[in-house]
Amino acid sequence: MTGLPHRPMRILEHGVYRGPHLYSHRPMVRIQVDLGDLEDWPTDRLPGFADALIAALPTLEGHGCCYGRPGGFLERLRDGTWMGHVVEHVALELQSLAGAATTRGKTRSVKGRPGVYNILFAYDDAETGLLAGRLAFQLVDALLPPDRRGVEELDRLTSGTGELAGVSTVEAALPLLRASRRRNGLGPSTQALVDAARRRGIPVTRLDDHSLIQLGWGARQRRLRASVTDRTGLVAAELAGDKDQAKALLAAVGCPVAPGVVARTAEEAVARARPLKRPVVVKPLDGNHGRGVTIGLQADAEIAAAFAAAAAHSRRVVVEEQLPGHDHRVLVVDGRVVAVAERVPAHVVGDGERTIAALVEALNADPRRGEGHENLLTRIRLDDRAAQETLARQGLTADSVPAEGQRVFLRMTANLSSGGVAIDRTDEIHPDNAAIARRAALAVGLDVAGIDLLAPDISRSIRETGGGVVEVNAAPGLRMHLAPSDGRPRDVAEPIVGMMFPRGARARIPVLAVTGTNGKSTVGRMVAHILRHDGRTVGLTNTSGVYINDECLMAGDASGPRSARMLLRDPTVEAAVLECARGGILREGLAFDRCDVGAVLNVQPDHLGLKGIETLDDLAAVKSVVVEAVSRRGVSVLNADDPLTLRMARHAGGRVCWLSMRGGDAAPGFLLKHISEGGLAVLYDPLSGDIRLYDGGVDRRVCNARAIPATLGGAALFNVQNALAATAMTYGAGVDPAAIASALSGFASSYEQNPGRMNIHDGHGFRVILDYAHNPDALRALGCTVVALRPSAGRTIAMLSIPGDRRDSEIRAMGEIGAEHFDQLVFRETPDNRGRPVGEVIRLMSEGAAAAGCDPVRITGVHREEEAVEACLRMARPGDLVVLTPTRVEAVWRQVLDFRPTADADGAPEGLVMEPPHG
């Protein structure tokens, strides 16, 4: 509106999704932006903007957008679209021009917040993706009319803001993005292996900032660094690095090698080389990548000079006869030749007009050439000693103009790392030569070996033509085979991955993921208990910590993806049980690309009003991510008694397994139909108390719920429901029903097995129940159980609280439910109150209790948890029942154990023990 100050775009928040998330199954960057005044200015209202953007980024023509054909996005641009959508496409295209294979994105408005959008786009490197997002905003902003420009809080997206602030053109942005990809990306060899693994559905985890890669999960994982695998032996690698020892080993098994000597000084090298046939080669004993290698040496002075170059890389230097022939690299994997390349040293071919320097500049303009090993070819350097000496030996300098057709070599060695090129010869190698290469690899003991072979004609046996094995290399580069300059590319990554994971070998451990508002921690512990009973080493994450069997690796809330990744990296874990909380899904997505079993237990009003989750439908969409990530052959476990989980079935992966407390004659029609059609279900028959499993038309009794200690003789119905979920999940993971029943018969709600979940202590003359009932529905279920356990004459006393970031209505509901189920109420606050003033949570709960008709004399307010626990315990008399809902479970349980009651006013003795409940 006229007269009002301009409201520029503003970055509100951002995140990086690494697994399936609310918006997609693909890893994506998310940037939330408030468009400000631009909400009222779509692109068709901005004169000249569309044309300026197309001129700056003409390759946007290839974006299909919603139309699915080239030019689709440009149509949207001219018809009118919003700036968030534009930034999405620019960020994708900038990454693509920098060399990334990113094509997917979406932009969605945020419900209830006009002008606020979530921009999402794919990335292959998170840091580069965020940088692309920032630069996209700056580029787009620079094209806007001056009175519409401005983006606030851009520094949220990246560090190093000084060098980025003025970047507003594609030409200035691309070098920054390419540098970021070089800094953070994988080299060609490692990337090829990662791509080969992903094509086979093998999970890939990057373990460091370089090239250490984990393939697979848990106990089935393997590791590699470039072409070095976790089975590449140290002895073999050291042998390959010691050229003299390796050569002696090869000669002993009949491989043709060059005669040679090892020297420590230039004088020794000259003297010991005299019996050798000339020309000779001088090279470091344990060098690589052709560094310090000089070939074609005739005179003693040349040998002495070459010794100095080699000695810069190794204390000992090899002098050997130069074998006849062309330089070939034979790649041997698991004792099999998989590729052969002829390597040609870096060179230029004259045109009679340009200098050598100009010819090299033209070669380096090839987009396949990059620095070091970042690309398929390496840029040629003229400013180093090796290039200058090679030119000098030909009587040339960088300023010389070679004749048309004249080949000028720039290096004497043929390594790709110094700018050489490769010609594929895989189909031409003679069987004798292939056999020699295999023998060389096996003799040294390498699973992946690069055999350097000199042969005048690779299609003829070197036993006839002369030539031989020059070196055996551990960690051979793959790029000369992946993309030779001439000839057929060879997929050499697949044989390496195939060696690590032969066909039929599994790379994934079973992953069982559980989410829901209530019950997920108990279900996770039940599932882990059953799987351990079945003989597996089990990793478990939940709100209490990260566990492997009985060992706690990390205490604290571990229900997010970072904790889950910790287990998937552990080499001892044979099955992973992962609690997936709302917060982690919203922040990073899931820790896995897919799971074998996923379960959504329920969706109740908790955490609403936080992180854009305003309604139960919003919360259900977040929880549904877990079952949408279930594999095609997996099982999605859904609660048939919850209307919101019912609706998830249409998008759930794998088979749907329904669980329901309405079994037997109470079963609804849709469940009976599902079962009659051979569907999978686990039901509780309230009349008999049986848990029954249905699959393929077969009805099996698993056990009676009263036989599970955690159900307190069937009184704790929420744990009966949790047992249904655990039964369904473990059956979906292949556990026999009889084994499930046996395991559940040993699962109790003790502090040791399930801390903070219906733990009972009977040592003070009154019963204490410790349970993490932290929302209205959980408290209501706990209250119903307390009614079943209520002492005939004693009172019920409850310490209640709820986190301060919940809505006022939910806090009041805690007081109302407490008043309905308990005689005495002690309201407390959480340690940090999550932003509310001191006393406000107690006030709101008290209002809820008063609304339920609770007499104020029944209510006590205590701010600190420790003092509230003490108040409840001091208030209790023999025969009473005390319910504590803690924040710090371990500390409160310890306080209960350490409590020492005093005799009551009537002199009642201490230590009266209540009998445990019976069915």
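Relevant structure appears above.
Nothing here was measured: the structure is a model prediction, and the numbers come from that model.

Asker: Would you take a moment to explain helix α29 (residues 865-875) for this structure?
Answerer: Owing to its 3.6 residues per turn, the α-helix brings residues three or four apart onto one side. Looking at α29, one finds that the buried residues are E865, A868, V869, C872 and L873. Considered in projection along α29, the buried side chains sweep an arc of 130 degrees and stay on one side of the axis. As for α29, its buried residues are in contact with β35 (767-770), β36 (796-800), β37 (824-827), β39 (881-884) and α30 (889-898).

Asker: Quick question: what am I supposed to make of unusual backbone geometry here?
Answerer: What is expected of a backbone is that most residues other than glycine have negative phi and most peptide bonds are trans. Here the amide bond leading from R278 into P279 is cis, since omega sits at 0 degrees, within 30 degrees of zero. Within the secondary structure, P279 is located in the loop between α10 (266-273) and β11 (280-284). Even without being a glycine, D334 presents a positive backbone phi close to 55 degrees. With respect to the helices and strands, the residue D334 is situated in the loop between β14 (326-333) and β15 (336-344). Judged by relative accessible area, D334 falls into the exposed class, the value being 55%.

Asker: Just to check I follow, could you spell out the side chain of N775 for this structure?
Answerer: Topologically, N775 is positioned in the loop between β35 and α26 (776-789). Among the polar contacts made by the side chain of N775, one reaches the main-chain amide nitrogen of A778 at a distance of 2.9 Å. When residues no more than four places from it in sequence are discounted, the contact partners of N775 are T517, N518, D606 and M814.

Asker: Looking at this structure, how should I read a nonpolar patch on the surface?
Answerer: A contiguous nonpolar patch, built from L553, M554 and M566 and spanning about 210 Å² of accessible area, is present on the exposed surface. Turning to its location among the elements, L553 is positioned in strand β26 (residues 551-555). Relative accessible area serves as the criterion here: at 34%, L553 is assigned to the partly exposed category.

Asker: Teacher, can you tell me more about the packing of aromatic side chains here?
Answerer: We describe a pair of aromatic rings using the distance from one ring centre to the other and the angle between the two ring planes. Scanning the model with the defined rule gives 4 aromatic pairs in all. Consider the rings of Y17 and Y23, whose centres lie 6.2 Å apart with planes at 45 degrees: the pair is tilted. Residue classification places Y17 among the buried residues on the basis of a relative accessible area of 3%. Plain terms: the ring middles of Y751 and W893 are 5.0 Å apart, the flat faces sit at 5 degrees to each other, and that makes the pair stacked. Here Y751 is found in the loop between α25 (737-744) and β34 (759-761), whereas its partner W893 is found in helix α30, with 142 residues between them in sequence.

Asker: Honestly, the pattern of salt bridges in this entry has me stumped. Any pointers?
Answerer: Working definition: two side chains of opposite charge can pair if their charged atoms are close together. Under the definition given, this model contains 64 salt bridges. One salt bridge in this structure joins E153 and R10, with 3.5 Å as the shortest N-O distance. Here E153 is found in the loop between β5 (151-152) and α5 (161-164), whereas its partner R10 is found in strand β1 (residues 9-17), with 143 residues between them in sequence. For E153, a relative accessible area of 35% puts it in the partly exposed group.

Asker: Explain the environment of Y123 here, please?
Answerer: Within the secondary structure layout, Y123 lies in the loop between β4 (116-122) and α4 (126-143). A residue is classified by how much of its surface remains accessible, and Y123, at 15% relative accessible area, is buried. Linking Y123 and S109, residues 14 residues apart in sequence, is a C-alpha distance of 21 Å. In this view, Y123 contacts V16, Y17, R18, P27, M28, V29, Q95, T102 and G129; residues no more than four positions away in its chain are not counted. At a separation of 3.0 Å, a polar atom in the side chain of Y123 contacts the main-chain carbonyl oxygen of Y17.

Asker: Teacher, can you tell me more about the pairing of strand β29 (residues 630-639) here?
Answerer: Each regular strand carries side chains that alternate between the two faces of the sheet. Within β29, 8 of the 10 residues are buried, which leaves the element mostly enclosed by the surrounding structure. For strand β28 (residues 595-600) and β29, the ladder comprises 5 bridges, and the chain directions are parallel. For C595, the partnering residue across the bridge sits in β29 and is V630. In this sheet, strand β30 (residues 655-660) lies alongside β29 in parallel orientation, the contact comprising 5 bridges.

What counts as what
- Residues numbered from 1 in each chain as written.
- Predicted model: local features only at pLDDT ≥ 70, side-chain atom pairs only at ≥ 80, totals over all residues.
- Heavy atoms only, no water.
- Buried < 20%, exposed > 50% of the residue type's maximum accessible area, 1.4 Å probe, protein only.
- Helix = DSSP H or I, 4+ residues; strand = E, 2+ residues; numbered from the N terminus.
- Arc of directions from axis to C-beta.
- Contact = heavy atoms within 4.5 Å.
- Polar contact = N/O pair within 3.5 Å; in protein donor to acceptor, adjacent residues only side chain to side chain.
- Patch = residues over 30% accessible without salt bridge, like charges linked within 9 Å, V, L, I, M, F, W, Y side chains within 5 Å.
- Areas by Shrake-Rupley, 256 points an atom, 1.4 Å probe, with all protein chains shown as cover.
- Salt bridge = Lys/Arg side-chain N within 4 Å of Asp/Glu carboxyl O.
- Phe/Tyr/Trp six-rings, centres within 6.5 Å; stacked < 30°, edge-to-face > 60°.
- Pairing = 2+ DSSP bridges.

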